Number of protein chains: 2
Amino acid sequence: MKPTIKDVAQKANVSIATVSRILNNQLGYSEKTKERVLEVIKELGFRPNAIARGLVSKRTKTIGVLLPNVTSSFASKLLKGIEESAHENDYSMIVCNTDHSGSRTLDYLNILGEKKVDGLVFSSQEIKEEYYETITRLGIPVILISTMSYRFPLPYVKVDDRQAAYHATSYLIENGHDKIAMISGNDDLTGKPRMEGYKQAIEDHGLTLDEKLITYGDFDFESGKKCLKQLLPLKDEFTAVFAASDDMAVGAISAAYENNLKVPDDFSIIGFDNTLVAEMAIPPLTTVAQPLREMGKAAIEKVIEMIEKEDHHASSSIMNFQIIERNSVKSLKST
Amino acid sequence: MKPTIKDVAQKANVSIATVSRILNNQLGYSEKTKERVLEVIKELGFRPNAIARGLVSKRTKTIGVLLPNVTSSFASKLLKGIEESAHENDYSMIVCNTDHSGSRTLDYLNILGEKKVDGLVFSSQEIKEEYYETITRLGIPVILISTMSYRFPLPYVKVDDRQAAYHATSYLIENGHDKIAMISGNDDLTGKPRMEGYKQAIEDHGLTLDEKLITYGDFDFESGKKCLKQLLPLKDEFTAVFAASDDMAVGAISAAYENNLKVPDDFSIIGFDNTLVAEMAIPPLTTVAQPLREMGKAAIEKVIEMIEKEDHHASSSIMNFQIIERNSVKSLKST
DNA sequence: CTGAAAGCGCTTACAG
DNA sequence: CTGAAAGCGCTTACAG
């Protein structure tokens, strides 16, 4: 049997209260007993039972992470930042793939509640009323990543999508493109603001918006392919495309390749996120970078602060984006 | 305050034992009291505290998952299979990024032990003696994915790397390539058997092995680039390359692109894994598929069976690989 | 069919 | 500086 606190107390000739105090770096024991107890602990290979500890302390040192899709390169990079920072702070993470399903999300929320996670990180999904209700019922702090809610006042960590999209589009325009298509997301969360930024940039630069050139995907690779195929008949009406995610941008490049079109010779493309696939693409993808790792880190630090201060309010953070120039955008200026 | 089992017992006029029985679908209560209790539970919005439950039942319904790198496309796809299957079986997963570090791995193993996970999934890492010792000490079942150990008898789920590599290499040979370079992994786990399969295929087909054409990476994108650059001066001495991972294959394609070399015109390449990046590559990558999702699923099912049967022994599974033909290999036959 | 009680392995007042 | 005791929220013999 694995040793418990009782075993070490007995062997060290002290009460379990004393062992507990030593374990938790509290006051109330002599240096001598501390040494003795520590020695017994090592001797026995004793490890405190976090479950028992959690039951009384009401802290499990674990955080629930909800994502719509673990497989996306967006999630991969985010997860890395979250994991790193959680581990640094002695927290573990339970990761949940919601698959964008409402019932799955709710289901997970309840499970996470039963498992008494100390806090929640919720990424890239709209906060439905029912989610908000059950989160509130759970009574634990939440931080949103790459999403926010006007209705529900939850703190978030994100980039200003509208502004970032504005810059991405402007970048294309500054490179001499005046007919720009868009592969947009189909949601209100990030799809819409990114599209608005795109439209605004076109307008501000005195170009005319062509709604035909706007196409809607779901941020994934396949949808990027599909969108580009939709755009194909209109090939002569644009010279560049702005994709609302790297995965979609790479999908577009892939569909172009299938149709013997080359990027950036036949058209330029700029992505969004700066995930690993952006580097991996042929040609390497010019994109607007979201600092995914830092965002994960910031989110974890915020929840932990909320947990430890027992204050479920936190400020939100707008992180900086940045345009990473690689080889998928051709300048039309010098030609 | 959140309702406890006591609250529902009181309100339903029964003992907590009865509530517990109903909660756990045991025998020993009338249909009438069951209904009443269930109603109270709903009324109060009662959810059992999994921590308290875990303390007495010794089951937490959570599994620890250790991976060297969550960001890799290999891990992404695997994680998806693991998550899906865990959730189907009402288990949660704590994911741990070991970063290939021994101390981190050990650290995590201990934390997972303290948190009383019911089982462990350990992927893509060598089992060092100290790992094995602490795993044994924890007394919970483990399943290995894409790794195994001759010294320590732990059940695993993997593909036969040697055989798969043999087939990948043979595939190139059958397509008319007789000078084949390799971008190998630098470890004994999967790197070595894949290289052996490669060598064997070359030998069996009566070709001559050229050690100069073997180069060593660490399975990641960057190392694939680096390896291809090493191979560049030898460009005329091979027509195809076998890369031990898709990430490295894509890295190689990327480095080729930088050097104005085209795949598959200037050389052919076959990868290993069939992760999402293989589909995303330009050209789409021909590769030997590991059924990553199924492997994750099989692993979870095995641990759960071990957990529930309280028998820490399980059979290992060799999963089937498959060559997925896409566009990165050119046939030299018809030319 | 049902309840009282012990106990899981800890932490935390309380008392000395 | 230290210990006895209560209690966290459950499950599980045991007894009826």
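Reading the values: rules and limits
- Residues numbered from 1 in each chain as written.
- Chains lettered and ligands numbered in written order.
- Predicted model: local features only at pLDDT ≥ 70, side-chain atom pairs only at ≥ 80, totals over all residues.
- Heavy atoms only, no water.
- Buried < 20%, exposed > 50% of the residue type's maximum accessible area, 1.4 Å probe, protein only.
- Helix = DSSP H or I, 4+ residues; strand = E, 2+ residues; numbered from the N terminus.
- Arc of directions from axis to C-beta.
- Contact = heavy atoms within 4.5 Å.
- Axes fitted to C-alpha atoms, helices over the stretch in contact; angles between N-to-C directions.
- Parallel < 35°, antiparallel > 145°, perpendicular 65-115°, else oblique.
- Left-handed = near helix turned anticlockwise from the far one by under 90°.
- Nonpolar A, V, L, I, M, F, W, Y, C, P; charged D, E, K, R; others polar.
- Domains from an automatic or database assignment.
- Near = heavy atom within 4 Å.
- Polar contact = N/O pair within 3.5 Å; in protein donor to acceptor, adjacent residues only side chain to side chain.
- Buried area = accessible area lost by both parts, 1.4 Å probe.
- Salt bridge = Lys/Arg side-chain N within 4 Å of Asp/Glu carboxyl O.
- 1 Å grid on protein atoms, 1.4 Å probe; cavity = no way out; pocket = protein on both sides within 12 Å on 5 of 7 lines; lining within 4 Å.
- Points joined across faces, edges and corners; volume = space filled by probe spheres on them.

You'll find chain A entered in an unreviewed UniProt entry as LacI family transcriptional regulator, with Alkalihalobacterium chitinilyticum given as the organism.

### Comments concerning helix 1 (residues 5–12) of chain B
Residue and element names in this part refer to chain B. Residues of helix 1 that are buried: Val 8, Ala 9 and Ala 12. End-on, the buried residues of helix 1 take up no more than an arc of 100°, which puts them together on one face. Seen from the buried face of helix 1, the exposed residues on the opposite side, beyond 90 degrees, are Lys 6 and Gln 10. For helix 1, the secondary structure elements touched by its buried residues are helix 2 (16–23) and helix 3 (31–44). The first or second residue beyond helix 1 is Asn 13, which carries a positive phi of 60°.

### Quick look at the packing of helix 5 (residues 73–88) of chain B against helix 13 (residues 292–309) of chain B
To characterise two packed helices, one gives the angle between the axes of the helices and the distance between these axes. Residue and element names in this part refer to chain B. Across the interface, helix 5 lies against helix 13 with an axial gap of 7 Å and an inter-helix angle of 40°. When the axes of helix 5 and helix 13 are compared, the pair comes out oblique. Here the hand of the crossing between helix 5 and helix 13 comes out right-handed. Between helix 5 and helix 13, the contacting residues are Phe 74, Lys 77, Leu 78, Lys 80, Gly 81, Ile 82, Glu 84, Ser 85, Ala 86 and Glu 88 on the first element and Leu 292, Arg 293, Met 295, Gly 296, Lys 297, Ile 300 and Glu 301 on the second. Here the residues of the contact of helix 5 with helix 13 are counted per class, giving seven nonpolar, three polar and seven charged.

### Here's the deal with the domain arrangement of chain A
Splitting chain A by domain gives domain 1 (5–48), domain 2 (61–159 + 292–319) and domain 3 (161–290). A straight line from the C-alpha centre of domain 1 of chain A to that of domain 2 of chain A covers 36 Å.

### Structural notes on the protein's contact with DNA strand C
Lining the immediate surroundings of DNA strand C are 29 residues, of which Ile 5 and Ser 20 of chain A together with Arg 21, Ser 30 and Lys 58 of chain B lie closest. Backbone atoms, meaning sugar and phosphate, make up 66% of the atoms of DNA strand C lying within 4 Å of the protein. Contacts to DNA strand C include Ile 5 of chain A, whose backbone N or O atom sits 2.7 Å from a phosphate oxygen. For DNA strand C, a base nitrogen lies 3.3 Å from a polar atom in the side chain of Arg 21 of chain A. For the surface near DNA strand C, the secondary-structure elements that each account for two or more residues are helix 2 (16–23) and helix 4 (50–57) of chain A together with helix 2 and helix 4 (50–57) of chain B. Residues of the surface near DNA strand C, tallied by class, amount to 13 nonpolar, 11 polar and five charged.

### Regarding the interface of chain B and chain A
Counting residues at the interface gives 53 residues for chain B, matched by 53 residues for chain A. Carbon and sulfur atoms supply 60% of the area that chain B and chain A bury against each other, a total of about 5100 Å² over both sides. Contact with chain A buries surface across chain B, with Ile 51, Met 280 and Ile 282 of chain B losing the most and accounting together for 14% of the total. Inspection of the chain B/chain A interface yields four salt bridges. Arg 104 of chain A is the salt-bridge partner of Glu 83 of chain B, the closest N and O atoms lying 3.2 Å from each other. Where chain B packs against chain A, one counts 22 residue pairs in polar contact (both at pLDDT 80 or more). Among the elements of the structure, helix 4, helix 5, strand 2 (92–97), helix 6 (102–114), helix 7 (129–138), helix 10 (221–231), helix 11 (246–258) and helix 12 (276–280) of chain B are those that each provide at least two residues to the side of chain B that touches chain A. In terms of residue class, the side of chain B that touches chain A is made up of 24 nonpolar, 13 polar and 16 charged.

### Some points on empty space enclosed by the protein
For the structure on display, the rule yields four cavities of 30 Å³ or more. For the largest cavity, the calculated volume is near 80 Å³. Lining the largest cavity are Val 250, Val 277, Met 280, Ala 281 and Ile 282 of chain A together with Val 250, Val 277, Met 280, Ala 281 and Ile 282 of chain B. Of all the elements in the fold, those that place two or more residues in the lining of the largest cavity are helix 12 (276–280) of chain A together with helix 12 of chain B. The residue inventory of the lining of the largest cavity, partitioned by class, reads 10 nonpolar, no polar and no charged.

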